[in-house]
Amino acid sequence: MIDDDLGRSGGGIARPGFERLLAAICEGRVGAVLAIEASRLARNGRDWHTLIEFCGLVGTIIVDEDGIYDPRHPNDRLLLGMKGTMSELELSLFRQRSHEALKQKARRGALFLCVAVGYVKSGRDRIEKDPDQRVQDALKLVFSKFAEFQSARQVHVWLRDEGIALPVSSYNAVSGRSIVWKLPIYNTVLNILTNPVYAGAYAFGRTTSKVVIEDGRKRVRRGLRRPLTEWDVLLKDQHEGYIAWDEFERNQSVIADNATGKGSAIARGAARRGELLLTGLLRCGHCGRKMYVAYGGKAGRYHCEGALVNHGTQRCISFGGLRADQAVGTEVLRVLKPLGIDAAIKAAESLEGETSAARRQLELALQRARFDTAHARHQYDAVDPGNRLVAGELERRWNEALLIEHRIEGEIAAFDARKPTPLGEAERQQLMQLGADLAQAWSHSAATSATRKRIVRAALHEIIVRIEGDIIELILHWQGGDHTALKVKKNTAGKHRLMIPADTLTLIRELARLMPDRQIARLLNRAGKPTGRGNGWTQARVCSFRSHYGIAVHRESEWAERGEITLEAAAQIMEVSVMTAHRIARLGIIKGRQACEGAPWAFKAEDVAAYRAQNAPRRPLTADPAQQRFDFQ
C-alpha cells in the first residue's frame, strides 16, 4: 500500500511514494500494480511511460477497475499509453479552465486572493480603506517619509530609529485575518511603496513563474517580478488610494534609479557616503557610459572605465572632483537662490511635523491599548467569580493589557523627554538668514555631504562631461529640461589642492631676503595666509617650505651686501622720527620697497644720504625747545 503521495501535486514536485513504487518494481518484488484508475498512478507523460517501461521489463501487470493490462503485449501497451495521454489532456483542460476563470474575474477587478494591509473587503468584489485610523496614519507616514528621503532604505532606518511599528497581516485557522503591529523590516517598507493597490489601482499578474530543470526534475520558481508593461491586468481608479497614481509612478522611478547594483549603466544610484558631490550624475561625453568615483582618502576622482571593462581599451577620461564639484555647486546655488526663503520655512515646518507624526503613532497605539484594557476588564467583570477556570484566564488577559498600556505610556513619556525644544525666535531668525543666503547654508558646518547631494539631485537630472585639452566641459541637464554649459580648468601637472597660492610663494621668497624664519612665520600668520593644509605657520614649517622650493636662508649681512638699510636706520640718517620716515616712504619721497603690509621697509643707503643732503633740517639757535623761529620774507 503506497499512499505517500496523497495531497501532493504530480506536476513536477518530487513524489517519494511513486519513486518507491518504481524501485520495488525494478527489484522484481512486484507482480501486479493495482489502482482505482491506472492513469492516475503518474500525472505526467514522462513518469507514466517510465512506469510502463519498467513493468514491461520485469513482467509486472497493471490492474484497474476496467481490466488487467500486461505492458509486454503491444495492444495493452498501446491502450495504457492512450490512457496516460488522455489523463494529461484532462488535467491540462482543468488547469486551463480554472486559470481562464481567474483571469476573467481579474479583468473585472473582482478577484481578491488576499487583501493588502490598509484595506478590507466590502462585499464580494470591492475593497475599501481600513477604518482603523492608526493603520491609515501609519501607511500615510511611510509615503510622506519616502517623499522626503527619496530612499526606501532611509525610510526603514528612520522608522526603526523612532520605534514606529507598522501593521502586518496575520492569518490563523481560528480568527482568520488580523492586524498585528511590528517594527518594520526592509521588505515590509518596500512592498508598501511598490504595491499599486495603495495608488487606487487593481493589478493582476505582477509576478510570473519560471520553469527550470534541476537534477533531472522540473522545478518551478515563482514570484518573479514583471515590469509594469507586462502586467496582465491594470485598472486605475478602482478604489480610494493613499497616494495618486502619478506619485506612485514617480516613486517607482526613484526606487529603480536608486538600484546601484542593478542596471548600473542607467540608474544613478542612491546618494551614498563620500564627499564628492556629483556621484551618479556624470555621464561620459566621449563614450556615453556612466562615470564612477574612486577615493584616495577624502580627495576623489571621477573616471570612466566602460571602454576598459567592455573592450579592453584605454580609459576614456579621468579628473579630480573638487573643482568640478565647486563649479556645479556654485551654479546650483545661483539657480536655487530665489527659493531659499521657501526652503527655510518648509524646513521649520518639517521639523515640527516629523515630531508630531511620530508622537501621533504612539498616541494611536495608546488609544488601542486602552480599548483592549477596557474590553478585557469588561469580560472579567461579566464572568462569574466562582468560575475560576474562566476568571483566571480573563484576569491574566487583563493584566497583559494593563502591562501593554503602561509600556506605551512609558514610551510616550520617554519620547517627550528627548523631544527637541521648539525653535525660538533667535533660531527662526537664523534659519531665515540661512535661507536668504544659500551659500552660507551650503558651507555651514552642520550641512553634510548627503544633504548637498540630495539638493543637487533634486535640481539636476544628469551631467554630460567631456575633456578637451586641459578644460573640463560640463553640460548640466536640469530637472525642468533646461541646459547649462560650464567650463572648468583642470589642474596642471604638479598642482594640487594642498599647494599654497603663487602670491604666497613669491612673498616668502622676498621675505627670506629680509628676515629670519621665525619672523616670517609671525608675519604670514598676521597677514592671514595659511599653509596649503590650512594650518598656521611656524619656524619649522617655514624652514621646510624654503628647503622644498630651494630658497636660501636669511643672513645678517645680506642688507649690507645689497646696500640697503632699514626704516630705523634711515630715520637716524635723516635725523627724523621713525613715524616721519615711514610717512616719507609712504608718500614716495624716498624710494623704498615693502614686500607686504607689516613687512620691513628696505631703502638704498645712497638714496637716504642724498635726501639728507638736500633737506638738511634747520634747528633753533638755542637749546630751548620752546624757542620759535622768525622767518623774514
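Everything quoted here is computed from the prediction, not taken from an experiment.

Peer 1: Hey, could you run me through the packing of helix H15 (residues 502–511) against helix H16 (residues 517–526) in this one?
Peer 2: In helix packing, the relevant descriptors are the interaxial angle and the interaxial distance, both defined with respect to the helix axes. Contact geometry of H15 with H16 gives a least axis separation of 11 Å together with a crossing angle of 145 degrees. The two elements H15 and H16 cross, and the hand of that crossing is right-handed. Counted together, Leu 507, Ile 508 and Leu 511 of H15 and Ile 520, Leu 523 and Leu 524 of H16 form the full contact between these two elements. Across the contact of H15 with H16, the residue classes break down as 6 nonpolar, no polar and no charged.

Peer 1: Got a minute to help me understand the sheet that holds strand E2 (residues 61–63) in this structure?
Peer 2: By definition, the strands of a sheet pair up through backbone hydrogen bonds, in either a parallel or an antiparallel sense. In space, the 3 strands of this open sheet follow the order E1-E2-E3, with mixed pairing throughout. Of all the strands in the sheet, just strand E1 (32–34) and strand E3 (68–69) have a single pairing partner and so form its edges. Pairing of E2 with E3 involves 2 bridges; the strand directions are antiparallel. Each bridged residue has a counterpart across the sheet, and for Val 63 the counterpart in E3 is Ile 68.

Peer 1: Can you help me understand the environment of Val 456 in this one?
Peer 2: In this fold, Val 456 is placed in helix H14 (residues 449–459). Between the C-alpha atoms of Val 456 and Val 332, which are 124 residues apart in sequence, the distance is 6.9 Å.

Peer 1: Before we go on, may I ask you to explain the nonpolar core in this structure?
Peer 2: A general tendency of soluble globular proteins is for nonpolar side chains to be buried together. Val 142, Leu 159 and Tyr 198 are the most contacted members of the largest nonpolar core, which totals 45 residues. Among the elements that line this core, the one with the most residues is helix H4 (residues 133–149), at 8 residues. What Tyr 198 contacts, discounting residues up to four positions off in sequence, is Ala 116, Val 117, Tyr 119, Leu 139, Phe 143, Ile 192, Gly 241, Tyr 242 and Ile 243.

Peer 1: Mind showing me how you'd approach the packing of aromatic side chains here?
Peer 2: By convention here, two paired aromatic rings are described through the distance between centres and the angle between planes. A complete count under the given rule lists 11 aromatic pairs for this structure. Taking 5.7 Å as the distance between ring centres and 50 degrees as the angle between the ring planes, the aromatic pair formed by Tyr 302 and Phe 319 counts as tilted. One end of the pair, Tyr 302, is in strand E14 (residues 299–303); the other, Phe 319, is in strand E15 (residues 318–320), with 17 residues separating them in the sequence. When sorted by exposure, Tyr 302 lands in the same class as Phe 319, which is buried. Feature note: the residues Tyr 119, Phe 143, Tyr 198 and Tyr 242 constitute an aromatic cluster, connected by ring pairs.

Rules behind the numbers
- Residues take numbers from 1 onward in each chain, read along the sequence in its written order.
- With pLDDT at 70 or above as the cut-off, local features in this predicted model cover only qualifying residues; side-chain atom pairs require 80 or more to be listed or tallied, and sums for whole chains, interfaces and linings still use all residues.
- Calculation of side-chain values draws on the structure's entire complement of heavy atoms; hydrogens and water are dropped beforehand.
- The axes are straight lines fitted to the C-alpha atoms, using for helices just the contacting stretch, and the angles between their N-to-C directions are given from 0 to 180°.
- Helical segments are the DSSP runs of H or I of at least four residues, strand segments are the runs of E of at least two, and each set is numbered from the N terminus.
- Crossing handedness follows the turn of the near helix against the far one: under a right angle anticlockwise gives a left-handed crossing, and clockwise gives a right-handed one.
- It only takes one pair of heavy atoms within 4.5 Å for two residues to be counted as in contact.
- In this classification, the charged set is Asp, Glu, Lys and Arg, the nonpolar set is Ala, Val, Leu, Ile, Met, Phe, Trp, Tyr, Cys and Pro, and all remaining amino acids, among them Gly, are polar.
- Any two strands with at least two DSSP-identified bridges between them are counted as paired.
- The definition of a nonpolar core used throughout is a set of buried Ala, Val, Leu, Ile, Met, Phe, Trp, Tyr and Cys residues joined through side-chain atoms within 4.5 Å.
- Throughout, exposure labels follow a simple rule: accessible area from a 1.4 Å probe, protein chains only, divided by the maximum for the residue type, with under 20% read as buried, over 50% as exposed, and the rest as partly exposed.
- We call Phe, Tyr and Trp rings a pair once their centres come within 6.5 Å, taking the six-membered ring for Trp, and we label the pair stacked below 30 degrees between planes, edge-to-face above 60, and tilted otherwise.

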